[in-house]
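Listed below, chain by chain, are the residues.
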Amino acid sequence: MGASDFSQLPHIGESLKRKEDYRFLTGAGQYTDDIILPNMHHAVFVRSPHAHANIRKVDKSAALKAPGVIGVLDGNDVAADKVAGLPCGWLITDTAGQPMKEPPHPILAFGKVRYVGDHVAMVVADTLENAKNAAELVDVDYDPLPAVVDVRDAMKQGAPSLHEAAADNHCYKWAIGDKGQVDAAFSGAAHVTKIDLINNRLAPNPMEPRAAIASYNRAGDDYTLYVANQNPHVERLLMTAFVLGLPEHKVRVIAPDVGGGFGAKIFLYAEDVCLTWASKKLNCAIKWTCDRSEAFLSDAHGRDHVTHAELALDKDGRFLAFRVHTDANLGAYLSTFSTAVPTILYATLLAGQYKTPQIYVEVDAWFTNTSPVDAYRGAGRPEATYLLERIVTRAAWETGLSQDEIRRRNFITEFPYQTPVALQYDTGDFPACMQKANELAEMSSFEQRKAASKAKGLLRGVGYSSYIEACGLAPSNVAGALGARAGLFECGEVRVHPTGSVTVFTGSHSHGQGHETTFAQVVASRLGLDPSQVDIVHGDTGRVPFGMGTYGSRSISVGGAAIMRALDKIEAKAKKIAAHLMETGDADVEFANGEFTVKGTDKKVTFGQVALTAYVPHNYPLDKLEPGLNETAFYDPTNFTYPAGTHICEVEVDPNTGVVRIDRFTAVDDFGTIINPMIVEGQVHGGLTQGIGQALLENCVYDRETGQLVTGSFMDYAMPRADDVPDFRLGHVTTPCTTNPLGTKGCGEAGAIGSPPAVINAVLDALAPLGVKDLDMPASPSRVWTAIQAAKA
Ligand code: MCN
């Protein structure tokens, strides 16, 4: 079935209420911490209070004698049991042809700690209280070392060095594009716009913190790990194959209801491995639930780039070339996907929506004494969009063009379009998104609103951002060509029951995205069923054949496509059964709206009759047809999907206090075919709110001297609240994706990608009359006020 036929099916484009919400709203959801197993004990991790220190000794004796304690494990136990370190990177080679440096990442620190929060020991006791009390008694003798937390300090000669394997803190250099061509284009430019900016470090803060329970079953010599995780099969594969050396089938990973992840729950964390390893060693089930302060320290953070970029333009404001150098902070160790974020997921997006003929991007990645940095909603693509959309708006101001005109002049308008940085966009209509956004934002009356603000003593500004992103991670052929270790296909199994209802087993994992509803819409639409007849099972390696999980806004386009493939097989087999029932040839059978008909006749049988016949065969041609109606398919996309759009933000700034208020925010996005508009709208609202959070409020701050995380709680790390965001004005343009059978493009990250530059461009537009030219995120009142004072001076 092609994407255009698919979009016409019933339930596609319907805002069905979310099936999963009944259990969530009535308190029947089951999160990892809700689960209680027999003989369950509790783990508490002893974490480093130092950013950088040698460990002279870990004295466990007092803790081992404390009430209820059954075990205290540290790096020496890990070494004695020969448990390997965490696997660390999705990318192997740097552009100088050298392997990137992959220093060991032990599951419990051995000899040295490298960031505040680094795990030193795990205490296991009968109750959480006893475990906490005993953890206080673990006496670690540290020899503190100088620390380095800022990437600009880490690269200096003589900077404190974290790893023997990377003495200068440098992990890799990676580049894409033709430097010679770019340099040549710059030499003929009429104008060059330059920018230096920082993409601020963020803490992901899902509502449910990380949690896990591991249990070991002596009878079968196997393990079960419940874990708040976005990709249980990948967790199992990495843990068994790379760390614990167990046969994969001996570990069952179950990710039950998960209260948000935003990327932070796709990595293999040390805690999950420690629990699984210790559950056999101590012969019990062990639960660990992260508390919020611990999450600030130990969840992988996002972003943290320092970038210099230059855009060359001709005399008409057309882009000739783009040259970028980024220094990326990787934190203390390589986290699972961290190497892909500032490279494959960042540099390849720097063409944006524009016909820039030459682009060269160079990335240096560095270790620092901070929490590891990895994917956070958008992962690389927000960083790319922020850079590009900031410099494009700056170029508009420098060349006297309006923010929309400079973009329109440079938009790609013909597809497919091959960018100079590896990606090939299949479809899009960027001018249409811009036009619709201008209309919804009522840009024709902006000057009146600006005058009204001025009358109140406020400065009004508008900011544009036209983003594109690559979702549907990750086509093996494209990712592999860029240096990734593996592509990321997806698996789906469709099991039709004798009564005609259906259970779908998907490798995608829903942790807020509403898959139980939208995937059911897809299957019900194809089979002519009511969505209530379709149940979705996910998040369990014991029930789902295989899966690569949910991130990179891939689930509907890759996971949904795998299910569509399985449905193709179901339909083909069901047609044979229908042909048998109607005593006709397979080729004469047609299927639509849940009915099989014989072409040109009024003969028909229902999907339910066919399902029953599959399991209760009657006069069945067993020599030609197997009983049963159950099919599995794998799907590896041939390309990414390319959601794109224009966001317009309008702010009022109080010049006396530096307070920024977003007055209106308009987002027009192209997500291809939309399955459930209500769910998509919710995804966009969430993403925009997180993007606004990055632009105005959120920032992980490490003390540059001591390496302490200063913003280690919600008292110091400001999350966006309802009153920080306006009522969003949303619109859509639809150009269906041509490389998956649903025509969908991912929507889960778009809001967080498009919005930050729109906000900062708006703030700078408002401040322009005061002479403020530059501002880094977050544009907090103190930063804005300071920038105003500096400009005045
Ligand atoms: N959808 C649709 N039509 C489209 C595109 C998507 O109806 N054209 C629906 C999908 O069927 C799905 C939802 O929208 O129900 C999101 O789909 P998709 O864009 O495929 O994204 P994923 O399901 O793969 O979700 C991942 C994405 C990412 S990468 C982050 S980070 C993120 C996000 O989703 N984390 C979230 N949204 C989140 N929402 C919540 N509540 N919690 C998180 O942790």
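What counts, and at which threshold
- Residues numbered from 1 in each chain as written.
- Predicted model: local features only at pLDDT ≥ 70, side-chain atom pairs only at ≥ 80, totals over all residues.
- Heavy atoms only, no water.
- Near = heavy atom within 4 Å.
- Polar contact = N/O pair within 3.5 Å; in protein donor to acceptor, adjacent residues only side chain to side chain.
- Areas by Shrake-Rupley, 256 points an atom, 1.4 Å probe, with all protein chains shown as cover.
- Helix = DSSP H or I, 4+ residues; strand = E, 2+ residues; numbered from the N terminus.
- Nonpolar A, V, L, I, M, F, W, Y, C, P; charged D, E, K, R; others polar.
- Buried < 20%, exposed > 50% of the residue type's maximum accessible area, 1.4 Å probe, protein only.
- Pairing = 2+ DSSP bridges.
- Phe/Tyr/Trp six-rings, centres within 6.5 Å; stacked < 30°, edge-to-face > 60°.
- Expected span 1.5 Å × (residues − 1).

Q: Kindly report on the site of the ligand, identifying the contributing residues and their values.
A: In the vicinity of the ligand lie 32 residues, with Gly261, Gln513, His515, Gln683 and Cys747 positioned nearest. Here a nitrogen atom of the ligand and a backbone polar atom of His511 are 3.3 Å apart. One of the backbone N or O atoms of Thr673 is found 2.7 Å from a nitrogen atom in the ligand. For the ligand, whose unbound accessible area comes to 840 Å², protein coverage reaches 96%. Listed by contribution, the elements that provide at least two residues to the shell around the ligand are helix H16 (515-527), helix H17 (555-581) and helix H19 (677-696). Residues of the shell around the ligand, tallied by class, amount to nine nonpolar, 19 polar and four charged.

Q: Which residues make up the pairing of strand E23 (residues 595-598), and what are the values?
A: Here E23 shows a clear split, with Phe596 and Val598 buried on one side and none of Glu595 and Thr597 buried on the other. Where strand E22 (residues 589-592) lies against E23, four bridges are found, and the strand directions are antiparallel. Looking at the pairing, Glu590 lines up with Thr597 of E23. Taken together, E22 and the strand that follows it, E23, pair antiparallel across an intervening segment of two residues, in which Asn593 is found at a positive phi of about 50°. Two strands pair when backbone bridges link them, and E23 and strand E24 (residues 604-606) are joined in this way by three bridges, in the antiparallel orientation. Note that in E24 the partner of Phe596 across the bridge is Val605. Where E23 hands over to E24, the hairpin turn is made up of five residues, of which Gly600 adopts a positive phi near 75°.

Q: Before we move on, could you go through the packing of aromatic side chains and cite the residues and values that matter?
A: Each aromatic ring pair is summarised here by two numbers: the centre-to-centre distance and the angle between the ring planes. Enumeration according to the criterion identifies 21 aromatic pairs in this entry. Ring centres 6.5 Å apart and planes at 55° place the aromatic pair Phe267 and Phe337 in the tilted group. One end of the pair, Phe267, is in the loop between strand E11 (251-254) and helix H9 (270-281); the other, Phe337, is in the loop between strand E14 (319-329) and strand E15 (358-366), and 70 residues separate them in sequence. Judged by centre distance (5.4 Å) and plane angle (75°), the ring pair of Phe296 and Phe714 falls under edge-to-face. With Phe296 in helix H10 (residues 292-298) and Phe714 in the loop between H19 and strand E28 (728-732), this residue pair connects regions lying 418 residues apart in the sequence. Exposure remark for Phe714: the relative accessible area of 43% places this residue in the partly exposed category. An aromatic cluster is present here, built from Phe319, Tyr354, Phe411, Phe415 and Phe430 joined pairwise through their rings.

Q: Residues and numbers for H9, please.
A: Its twelve residues place the ends of H9 16 Å apart at the C-alpha level, agreeing with the 16 Å of an ideal helix rising 1.5 Å per residue. The buried fraction of H9 is high, at ten of twelve residues. Among the residues of H9, Ala270, Glu271, Asp272, Val273, Cys274, Leu275, Thr276, Trp277, Ala278 and Ser279 are the ones counted as buried. In the segment just after H9, Asn283 is the residue with positive phi, at about 55°.

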